[in-house]
Amino acid sequence: MKPAPFVHHAPRTVPEAVAVLAQVGHDGKVLAGGQSLVPLLSMRLVTPGHLVDIGGVAGLDAVEVDEAGVRVGALVRHAGLERHAEAADALPLLRQAVRHVAHPAIRTRGTTVGSVAHADPAGEMPAVLALCRGTVEVAGPRGGREVAAADLFTGPMETTLEPDELAVAVRFERFPAGTRTAFAESARRRGDYALAGVALAVTLAGEEVTAARASFVSVTPVPDVLDLTPVLAGLALPELPAGEVAELVRGHVDPESDIHAPAEYRRMLAAELTVRALRGLRDEARAGAA
Amino acid sequence: MSTRQVGEKVQRREDPRLLTGNGRFVDDLGRGALHAAFVRSPHAHARILDIDIGDAWELEGVEAVYTWEDLPGRVAEPLPVLIPHPALTHPRTGYCLATQEVNHVGEAVVMVVARDRYLAEDACARIRVDYEPLPPVVGIPAAREAARLVHDDVPGNVAATLLQEVGDLESAMAAAPHRLTLDLAVERSASTPLEGRGVLARWDTDDGSLRLYSSTQTSTGLRAAVAAKLGLPLAKVEVVTPDVGGGFGVKIVHPWPEEVLVPWAARVLGHDVKWTEDRREHFVSAAHERGQLQEVTVGFDDEGHLLALDVRFWHDNGAYTPYGIIVPIITATQLLGPYKPGAYRVEFWSLYTNTVLVTPYRGAGRPQGCFAMERTMDAIAARLGLDRAEVRSRNFIQPEEMPYDQGLMFQDGRPLKYDSGDFPASLAALKALVGWEDFEGYRAEAERAGRRVGLGIGCYVEGTGVGPYEGGHVHVETDGRVNVATGLTTQGQGHQTVLAQVVADELGVRLEDVHVTTGDTRAMPYAVGTFASRGAVMSGNAVALAARVVRAKALRIAADALEVSPDDLEIADGVVSVRGAPGTAVDLGTVAVLANPLRYAFDTAAQAATQFAGTFDPQRPPVAEDDEPGLEGRDFYSPTQATFANGMHAAVVETDPVTAEVRILRYCVVHDCGVMVNPMIVEGQVHGGVAQGVGGALYERMVYDEGGQLLNASFMDFLMPYASEVPHVETDHLETPSPLNPLGLKGAGEAGTIPVSAVIASAIEDAEGIPIRSMPISPPELWALRQQHAAGTVTAQEGPS
Ligand SMILES: Cc1cc2nc3c(=O)[nH]c(=O)nc-3n(C[C@H](O)[C@H](O)[C@H](O)COP(=O)(O)OP(=O)(O)OC[C@H]3O[C@@H](n4cnc5c(N)ncnc54)[C@H](O)[C@@H]3O)c2cc1C
C-alpha cells in the first residue's frame, strides 16, 4: 500500500498554487490535510502525476467571524474550527457538527475546506454548508469566483470545482435571529462515517416555529436541504408532529445499501434522528424558558 | 528481606520502552535492506495460465522478480501440514508462490524484490498474470452442498470429519422428557494484530548462516521449518523475535510463504531482504477464524438437567489446512464448559472454501463452542421457565468431583480431564458482582422510562498451558545481573515482568536485577511457542525450575566459601547469608565469580577466581566432575496434560426500541486462573480479551461476496471496536491453584474473549424476547430480526425435535 510515483509541488502563495494547477491540469490534485487523499493514493485508487501540497501556502489558516458568518480558510483544520470559540458563538452548528468528524487525530490534520471539496456524502461539513446556505471561495487561472453550496455539489464526491481550481475558503452564513440548531448522527463506531446524520435549523418567533430546515449525512447523494417548515410552521415545538416529520424525511432521503446497513435501515435512522434532534431542541427550549 | 513478587500488581517493565516509542519491531530493523512485495491473486479460484513479467525489470532499483518456476527444491514444494491428525484425511496446503491454481483472493503469485517498497509495488503493478477463473466455493452452505469443489481431489470439500461420543447418546436422548434443537451460526473474524506479519532476513555469506527476524509466535518452530525448507543445518539458522505488536494466534502459523521466500531471496541475492505486511495483505493473505454453523439437539429433564447432548457442526477452514483441525477439535471438546452433559455426541465436518485460511485466533474454537452450549442453556431455561443461572448451576461439575474426566480427547491428544475449579463459587461471585437477583427491579424501572434492558450470562472452561514443554535458562553474572531466557515468544503480554517476578522470588533477587529474553533461538533453542494461554504456565514454571537449579548451586558454593551448611543459608535481595547471622554473607555476584574458576582476571572481582588467589582446594579439580562452570542452570517444564481455567461473564445491555442500537451498560467477569503471578496483568489480559470478544459479538465480520472477494479488507470497513465501544470491565477473581504445576498456575490469555458472544446474545435475547441464534449482530440486523419476529417468520421458542 504505497502510492504510485508523483511529483510533489510545494507552492508558497495562492497564485503559485493556481499556476501549478493550471500547468498540470487533470493530472494534478490538491493535497490539504491528506486524510482522505493519502489513503486513496496508498491504495492506488487514484494515481495523480502531480500533488499540489498547499500546506505551505501563506494566508489560508484563518477563521474569521463577522456579522454575516464564519469564513474558514483552506488550511484550517477541523480541530481548529472545533476549538474556535467565536465561531461556535456565531454558528453553534459548526462545533455541534465538526465534533462528529472522525477522531481527534484526524481532525488535527484534516481540513474543513478539504472536506467540502472532497464532497463525500458521508461528510458532516458539506451538510452544514448546505444548511446555512454557505459558499466556497475559489481561485483559479480564470480568476476568483464564489460558488454557492447549492451549485457546488453535483454528486457523490463530485463538485463544480475544476481540477485547476483551488478552494481558498468556505463561508458559513449565520442563521436568522431566533434560530436553534442541532446535529445528530449514528455511526457504528464513535468517529466513523455515520450510517445517517442530520443537521437541523429551527427558527422560532417566541414559542412558534417560523422556519425549519434539515440537511443530511450519508443518506442523500448530495447535501440538499429539506424544508420542514410546512409541517412545523405555526406550531410550538412541544406540539411536535413526529409522525409527519418522519414521513417527510423518509420521502426526502435516498440512501444506498452497503455492507454496513441496508437502505431501509438508513432511511428509518435518518427519520428517527431528525425527530430526536427536534425533541432535543424542544427540551432545550423548555429548559431555556424555565 | 525482599518482598514476595508473585501475586503483586507489579508495573509492567516493558511499558516505558514501548510507550515512549522505543520498541523495536521487525520493520524498525534492517536499514538498507531490500524490500519485497507480492503480486497476489485477485481471484478466489482460478487456474494460472501465464505470468508476464513484462517490463517490471526495467524499473531502476528492481533487484529480482520470482515466480514458482524460479524456486528450487523444497522451497517449491507445498508448505507443511503442521499438525497432522488421523481425522484430517484430506490435508491441503499452499505453495510459497502459487503454481497452477489459486484458491483464495490474496494468495501470493509473484515476488518482487526492490530497493524500496514503493518501487517493489510499482513493479508489481506492471506484472500481468493471466487467469482462467474457476467457480468459487464461498460460505459454509456452498461448501457443504459441494456442487463445486475447492480442490478437485477433495470430495465434498471435506478436509476432516470427526465423531466423538461419550455414553449412549441415542437411548439417553430417546428417554429424555424434553428435547430442543437449535440452529446456530458464528461469523468469521480475525486476530488482526496492529502489527502485521513481517520478516527480515540477514544472510551472512562469510559464515554461510542465516539470521531471521520475524514477527512470529514461535521462533524455534520457524527456525526448524526454514532450515528444512532451505536445506540448511539448524546450527546455521537463528531466529529472533524482536518486539511484536500482537499476535492473537495468527502468528503461530509457520512458516508463512513470506517467511520462506524472504530468507531464500536474501541468500540468493546476498543482501538483507525485508517484507512488512500491509493491512490489506493481512486481511486477504494471513488467516481468519470462527466461521461455523452448528446444530444442537439437547435432551433434559423437568429440572433442566442435561441428559443428552448431540452436536453437529460445520467448520469453515478456508482454502488450506496448515494448522490441521485444532480449531474444530477445541470447539468439540471445550463446548462442554463447566457442565456434565449426560451422554454426549459431537461430530464435525471441516470444510474447504475459497477464502483465506482459518487458524486459531484468541479463544481458538472455544467462543463457538461456548456459544453453542450457552445458547442451549438459555433455551432450556426458557422452555422450563427457570432462572438461567439456576439451570447452569444444576449442571455444574462440583468441586469435590475434581479432577473430572469428560471422557474426550483434547487438542493435545490427551484426556480432557479438568484438574480443578469451583464452579458454584464462581457463579455465586458473578451473581453478586452483577446483582443478578436485583435485575428484575432494575428492568422494571428502566421500562417505566421507556428503556429496554437485558441481562446475559455465559460460562466457560479453558484448557490452558498445553505441552509438550518449555524451558528456562537462568544465568547470574559476576555483577549480580540475572539473565533469564525462555524460548516462547512475547507479543506484548508482559512476559518480561511476570517471568522476572517468578525468578526474583525463586532465586531471592531484586526484580530490577532480572532481565528476561524471549523468543530468541540463540538464548534458548528448545521451545514450542506462544499459544493456548500457555506462556505463564509453561515458561513461568520452567524458569522457576531453572531458578531452583541455580539457587541450589549458589547455596552450595556459598556454603563452601562461608564454611557452613547450605541448610543454614538463605538468599534475599541477591545476598546469600547465614540465617540469623546476617553479617556472614556473600552476594550472588561473588558466588558467580567463585563458580567460574579463571586463569585470567579481567577485573578486580575476577581476581578472586584466578588460580593464585588461594580460594580453592588443591586436591580437587577446579570444576568438579558432575559440575559445570558458571552460576547458571537450565530446566524444562513438561506437563502430563493441560490445566483448566474457568470463568463466568455477565452483561447488562440496552437496546434502542427504535434504532436497535445495542449498548453494553455493564460487563462483569469472574475469572479463575489459579495463582495470579501479577493480578494487574491478568486483568489487562481479561480486558483485552473482552475487547476482542465485543468485536466478535457486535462489530467484526468478514464480508465475502459470492465471488470470494473480501469487501471489507480495511480498518475502515472491518469494524474492530475502538476504546469507545468497549465497556468498562468489572472483575472479580477466584484463585483455585492448579495441582498440576509447581506454581499452581493456569493460563489467562484467551479467557476474556471466549464467552463474550454468548453473553451478549443472551443479554440481547433477554432484552428483546427474540431468540438470538447468530452472532455477531449489528443494529440493522437486530432491526430486521424484530420485523421478522413481528411478522411471525421467526418463533420465540424452539420446537421440540
Ligand atoms: C479514519 C478516518 C475517518 C474519517 N471520518 C470522517 C468523518 O466521520 N466525517 C468526515 O467528514 N470526514 C471523515 N474523514 C475525512 C476527513 O475529514 C478528511 O480530512 C476530509 O474529508 C478531507 O480533508 P483533508 O484536508 O484531509 O483533504 P485531503 O485528503 O488532502 O484532500 C481530499 C480531497 O479534497 C481535495 N482538496 C482538499 N483541499 C482542497 C482545496 N483547498 N481546494 C480544492 N481541492 C481540495 C483534494 O484534492 C482531494 O481530492 C475521515 C478520515 C479518516 C482517515
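What you see is a predicted model, and the numbers here were worked out from it, not measured in a lab. (Residues numbered from 1 in each chain as written. Chains lettered and ligands numbered in written order. Predicted model: local features only at pLDDT ≥ 70, side-chain atom pairs only at ≥ 80, totals over all residues. Heavy atoms only, no water.)

### Focus on the environment of Val98 of chain A
Reasoning step 1: Mapped onto the fold, Val98 of chain A is located in helix α5 (residues 92-98).
Reasoning step 2: Distance in space between the C-alpha atoms of Val98 of chain A and Pro241 of chain A is 29 Å, their sequence separation being 143 residues. (Helix = DSSP H or I, 4+ residues; strand = E, 2+ residues; numbered from the N terminus.)

### Some remarks on the interface of chain B and chain A
Reasoning step 1: Counting residues at the interface gives 31 residues for chain B, matched by 24 residues for chain A.
Reasoning step 2: Here chain B meets chain A over a buried area of about 2400 Å², counting both sides, of which 60% is carbon and sulfur.
Reasoning step 3: Where chain B touches chain A, the interface holds 2 salt bridges.
Reasoning step 4: Two residues, Arg44 of chain A and Asp122 of chain B, come together in a salt bridge whose shortest N-O distance is 2.7 Å.
Reasoning step 5: Where chain B touches chain A, the interface holds 14 residue pairs in polar contact (both at pLDDT 80 or more). (Contact = heavy atoms within 4.5 Å. Buried area = accessible area lost by both parts, 1.4 Å probe. Salt bridge = Lys/Arg side-chain N within 4 Å of Asp/Glu carboxyl O. Polar contact = N/O pair within 3.5 Å; in protein donor to acceptor, adjacent residues only side chain to side chain.)

### Considering the packing of aromatic side chains
Reasoning step 1: This model, assessed by the stated rule, comprises 15 aromatic pairs over all chains.
Reasoning step 2: A ring pair is formed by Tyr265 of chain A and Trp783 of chain B, whose centres lie 5.4 Å apart and whose planes are at 80°; its orientation type is edge-to-face. Of the two residues, Tyr265 of chain A is situated in helix α12 (residues 263-289) and Trp783 of chain B in helix α19 (residues 779-790); the pairing between them involves two chains.
Reasoning step 3: Owing to a relative accessible area of 12%, Trp783 of chain B belongs among the buried residues under this scheme.
Reasoning step 4: With 5.8 Å between their ring centres and 10° between their planes, Tyr339 of chain B and Phe396 of chain B make a pair best called stacked. With a gap of 57 residues between them, Tyr339 of chain B in the loop between α8 (326-334) and β15 (343-352) and Phe396 of chain B in the loop between α10 (388-395) and β16 (404-409) connect regions that are remote in the sequence.
Reasoning step 5: Against the face of Trp314 of chain B rests Arg144 of chain B, its NZ or CZ located 4.6 Å from the ring centre.
Reasoning step 6: Over the face of the ring belonging to Trp256 of chain B we find Arg197 of chain B, whose NZ or CZ atom lies 4.3 Å from the ring centre. (Phe/Tyr/Trp six-rings, centres within 6.5 Å; stacked < 30°, edge-to-face > 60°. Buried < 20%, exposed > 50% of the residue type's maximum accessible area, 1.4 Å probe, protein only. Lys NZ or Arg CZ within 6 Å of the ring centre and 35° of its normal.)

### Overview of the pattern of salt bridges
Reasoning step 1: Within this structure, the stated rule accounts for 69 salt bridges over all chains.
Reasoning step 2: Taking the shortest distance from any N to any O, the salt bridge between Arg171 of chain A and Asp66 of chain A comes out at 3.4 Å. In this pair, Arg171 of chain A sits in strand β10 (residues 166-173) while Asp66 of chain A sits in the loop between β4 (63-65) and β5 (69-73), placing the two residues 105 residues apart along the sequence.
Reasoning step 3: Two residues, Lys340 of chain B and Glu401 of chain B, come together in a salt bridge whose shortest N-O distance is 3.0 Å. Of the two residues, Lys340 of chain B sits in the loop between α8 and β15 while Glu401 of chain B sits in the loop between α10 and β16, which places them 61 residues apart along the sequence.
Reasoning step 4: Relative accessible area serves as the criterion here: at 26%, Lys340 of chain B is assigned to the partly exposed category.
Reasoning step 5: By relative accessible area, Glu401 of chain B is classed as partly exposed at 28%.
Reasoning step 6: What emerges from the salt-bridge pattern is a single network uniting Arg40, Arg117, Glu121, Arg197, Glu258, Glu277, Asp278 and Glu281 of chain B.

### A look at the site of the ligand
All names here are of chain A.
Reasoning step 1: Neighbouring the ligand are 30 residues, the closest being Val30, Gly33, Leu37, Thr111 and Glu124.
Reasoning step 2: Ser36 places a polar main-chain atom, nitrogen or oxygen, 2.9 Å from an oxygen atom of the ligand.
Reasoning step 3: The separation between an oxygen atom of the ligand and a polar main-chain atom of Leu37 is 2.7 Å.
Reasoning step 4: A total of 960 Å² of accessible area belongs to the ligand in isolation, and the protein chains cover 90% of it.
Reasoning step 5: Of all the secondary-structure elements, those providing two or more residues to the shell around the ligand are β2 (28-31), α7 (112-118) and β10.
Reasoning step 6: Partitioned by chemical class, the residues of the shell around the ligand number 14 nonpolar, 13 polar and 3 charged. (Near = heavy atom within 4 Å. Areas by Shrake-Rupley, 256 points an atom, 1.4 Å probe, with all protein chains shown as cover. Nonpolar A, V, L, I, M, F, W, Y, C, P; charged D, E, K, R; others polar.)

### Details of the pairing of strand β12 (residues 196-205) of chain A
All names here are of chain A.
Reasoning step 1: The buried fraction of β12 is high, at 9 of 10 residues.
Reasoning step 2: Across 8 bridges, the pairing between strand β11 (residues 179-186) and β12 is antiparallel. If you follow Ala184 over to β12, its bridge partner there is Val198.
Reasoning step 3: Here 9 bridges tie β12 to strand β13 (residues 208-217), and the two strands are oriented antiparallel to one another. By the bridge assignment, Ala205 is partnered in β13 with Glu208.
Reasoning step 4: Hairpin connection between β12 and β13: a loop of 2 residues separates the two successive antiparallel strands, and Gly206 in this loop has a positive phi of roughly 65°. (Pairing = 2+ DSSP bridges.)

### What about the UniProt feature "domain: Aldehyde oxidase/xanthine dehydrogenase a/b hammerhead" (unreviewed entry) in chain B?
Reasoning step 1: In the numbering used here, UniProt assigns the "domain: Aldehyde oxidase/xanthine dehydrogenase a/b hammerhead" (unreviewed entry) feature to residues 20-135 of chain B.
Reasoning step 2: In residues 20-135 of chain B, helix accounts for 9% and strand for 29%; the two terminal C-alpha atoms are 50 Å from one another. (UniProt positions renumbered as here; feature names shortened; annotations may be inferred.)

### Re the domain arrangement of chain A
Interface size is often expressed as the accessible area that is lost when the parts come together.
All names here are of chain A.
Reasoning step 1: In terms of domain boundaries, chain A breaks down into domain 1 (7-53), domain 2 (63-173) and domain 3 (179-289).
Reasoning step 2: Just the C-alpha atoms count here: the centres of domain 1 and domain 2 sit 19 Å apart.
Reasoning step 3: Listed per partner, the contact involves 13 residues of domain 1 and 14 residues of domain 2.
Reasoning step 4: Together domain 1 and domain 2 conceal approximately 1000 Å² of surface at their shared face, both sides included; 77% is due to carbon and sulfur atoms.
Reasoning step 5: It is Val18, Leu21 and Gln35 that lose the most area in domain 1 upon contact with domain 2, and together they represent 40% of the buried surface on that side.
Reasoning step 6: Counting across the domain 1 and domain 2 interface gives 0 salt bridges. (Domains from an automatic or database assignment.)

### A look at the state of the cysteines
Residues and elements named next belong to chain B.
Reasoning step 1: With the rule as written, the count across this model stands at 0 disulfides over all chains.
Reasoning step 2: Cysteine Cys370 is unpaired, with the sulfur of Cys459 as its nearest cysteine sulfur at 7.6 Å.
Reasoning step 3: Cys459 provides the cysteine sulfur closest to Cys673, a residue in no disulfide bond, and the two sulfurs are 17 Å apart.
Reasoning step 4: The exposure class assigned to Cys673 is buried, which follows from its relative accessible area of 2%. (Disulfide = S-S within 2.5 Å.)

### Topic: the UniProt feature "domain: FAD-binding PCMH-type" (unreviewed entry) in chain A
Reasoning step 1: The UniProt record annotates "domain: FAD-binding PCMH-type" (unreviewed entry) at residues 1-177 of chain A.
Reasoning step 2: A distance of 50 Å separates the end C-alpha atoms of residues 1-177 of chain A, which is 34% helix and 23% strand.

### Regarding the side chain of His733 of chain B
Residues and elements named next belong to chain B.
Reasoning step 1: Along the chain, His733 falls in strand β28 (residues 729-734).
Reasoning step 2: Reaching out from His733, the side chain makes a polar contact with the side chain of Glu683 at a distance of 3.2 Å.
Reasoning step 3: For His733, the residues in contact, after removing those within four places along its chain, are His671, Met676, Val682 and Glu683.

### Things to note about the domain arrangement of chain B
All names here are of chain B.
Reasoning step 1: Taken domain by domain, chain B consists of domain 1 (32-134 + 197-244 + 251-285), domain 2 (364-466 + 640-788) and domain 3 (468-637).
Reasoning step 2: On a C-alpha basis, the centres of domain 1 and domain 3 stand 41 Å from each other.
Reasoning step 3: Each partner contributes to the interface: domain 1 provides 14 residues, whereas domain 3 provides 18 residues.
Reasoning step 4: Summing both partners gives a buried area of about 1100 Å² for domain 1 against domain 3, and 45% of it is carried by carbon and sulfur.
Reasoning step 5: Its largest share of buried area at the contact with domain 3, domain 1 owes to Gln217, Thr220 and Val244, together 41% of the area lost on that side.
Reasoning step 6: Put simply, domain 1 and domain 3 have 0 salt bridges between them.
Reasoning step 7: Where domain 1 touches domain 3, the interface holds 7 residue pairs in polar contact (both at pLDDT 80 or more).
Reasoning step 8: Counting residues per element, the ones that place at least two in the side of domain 1 that touches domain 3 are α5 (219-230) and β11 (237-240).
Reasoning step 9: For the side of domain 1 that touches domain 3, the element with the highest residue contribution is β11, accounting for 4 residues.

### Side note on α5 of chain B
Residues and elements named next belong to chain B.
Reasoning step 1: Given a rise of 1.5 Å per residue, 12 residues ought to cover 16 Å, and the 16 Å separating the end C-alpha atoms of α5 matches this to within 8%.
Reasoning step 2: Most of α5 is tucked away: 10 of the 12 residues are buried.
Reasoning step 3: When we look at burial in α5, the residues that qualify are Ser219, Thr220, Gly221, Leu222, Arg223, Ala225, Val226, Ala227, Lys229 and Leu230.
Reasoning step 4: Contacts made by the buried residues of α5 are with β10 (209-214), β11 and α6 (257-269).
Reasoning step 5: Sitting at the head of α5, Thr218 places a side-chain oxygen 2.9 Å from the backbone nitrogen of Gly221. (Expected span 1.5 Å × (residues − 1).)

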